[in-house]
Amino acid sequence: MPNLSQRTALYTPPSVGTIHASVWDLTSRDGIADGIQPSCVDIVVLVFVVCALHPAEWAQAVSIIHKVCF
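Residues numbered from 1 in each chain as written. Predicted model: local features only at pLDDT ≥ 70, side-chain atom pairs only at ≥ 80, totals over all residues. Heavy atoms only, no water.

Even after reading the chapter, I still don't get the layout of surface pockets, so can you show me in this structure?
A water-sized probe rolled over the atoms picks out the places where empty space is left. The computed volume of the largest pocket comes to approximately 690 Å³. Contributing to the lining of the largest pocket are 19 residues, with H20, A21, S22, V41 and I43 lying nearest its centre. For the lining of the largest pocket, the per-class residue count stands at 15 nonpolar, 3 polar and 1 charged. (1 Å grid on protein atoms, 1.4 Å probe; cavity = no way out; pocket = protein on both sides within 12 Å on 5 of 7 lines; lining within 4 Å. Points joined across faces, edges and corners; volume = space filled by probe spheres on them. Nonpolar A, V, L, I, M, F, W, Y, C, P; charged D, E, K, R; others polar.)

Written as C-alpha cells, this is what we have:
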C-alpha cells in the first residue's frame, strides 16, 4: 500500500518531477560529493546534523551547503 505522500494528487501521474536524494559527509575536505554539481540543489534537509558536528566542523559544512545551493 502506498504511503500517505504517494497517495496525494501531486504524486500520481502525470508526475510533477523527479526527486533525487544523496547522503554525504559535510565535513569532508574533499568538498562536494561525486555526482553533485555546484548550484544544483533545491532543498537541503539537515535533521540533527549541525548539532552532531563539532563546532570546528561547522564552517566546512556550511561552505559545502552553500556551494550546492547557490
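Let's pick the thread back up.
Sorry, what's going on with helix α1 (residues 58-69) here?
Think of an α-helix as turning once every 3.6 residues; residues three or four places apart then point the same way. With 12 residues, α1 should cover 16 Å at 1.5 Å per step; its first-to-last C-alpha distance of 17 Å lies within 8% of that length. Listed as buried for α1 are Q60, A61, I64, I65 and V68. One side of α1 carries all its buried residues, which in axial view fall inside an arc of 130 degrees. More than 90 degrees from the buried face of α1, the exposed residues found are A59 and V62. (Helix = DSSP H or I, 4+ residues; strand = E, 2+ residues; numbered from the N terminus. Expected span 1.5 Å × (residues − 1). Buried < 20%, exposed > 50% of the residue type's maximum accessible area, 1.4 Å probe, protein only. Arc of directions from axis to C-beta.)

Even after reading the chapter, I still don't get unusual backbone geometry, so can you show me in this structure?
Most peptide bonds take the trans form, and the phi angle of most residues other than glycine is negative. Positive phi values are uncommon outside glycine, yet S39 reaches one of about 65 degrees. One non-glycine residue with positive phi stands out, namely F48, at about 60 degrees. Given the relative accessible area of 69%, F48 is considered exposed.

Teacher, can you tell me more about the state of the cysteines here?
By definition, a disulfide is the covalent link that joins the sulfur atoms of two cysteine residues. What the rule picks out here adds up to 0 disulfides. Free of any disulfide, C40 has its nearest cysteine sulfur in C69, 8.6 Å distant. For C40, a relative accessible area of 41% puts it in the partly exposed group. (Disulfide = S-S within 2.5 Å.)

Would you mind going over the nonpolar core with me for this structure?
One recurring pattern in soluble globular proteins: nonpolar side chains tend to sit buried together. Ranked by size, the top nonpolar core spans 5 residues in total: L26, L53, A61, I64 and I65. Each residue touching L26, except ones within four places of it in the same chain, is listed here: L46, V49, Q60, A61, I64 and I65. (Core = buried A, V, L, I, M, F, W, Y, C linked by side-chain atoms within 4.5 Å. Contact = heavy atoms within 4.5 Å.)

Would you take a moment to explain the environment of I32 for this structure?
Secondary-structure assignment places I32 in the segment before α1. In this structure the C-alpha to C-alpha distance between I32 and V68, which are 36 residues apart in sequence, comes to 7.5 Å. Setting aside residues up to four positions removed in sequence, I32 forms contacts with P38, K67 and V68.

Help me understand a nonpolar patch on the surface in this model?
On the surface, I43, V45, V47 and F48 cluster together into a nonpolar patch covering about 500 Å² of accessible area. With respect to the helices, strands and loops of the structure, I43 is situated in the segment before α1. You can call I43 exposed: its relative accessible area is 66%. (Patch = residues over 30% accessible without salt bridge, like charges linked within 9 Å, V, L, I, M, F, W, Y side chains within 5 Å. Areas by Shrake-Rupley, 256 points an atom, 1.4 Å probe, with all protein chains shown as cover. Salt bridge = Lys/Arg side-chain N within 4 Å of Asp/Glu carboxyl O.)

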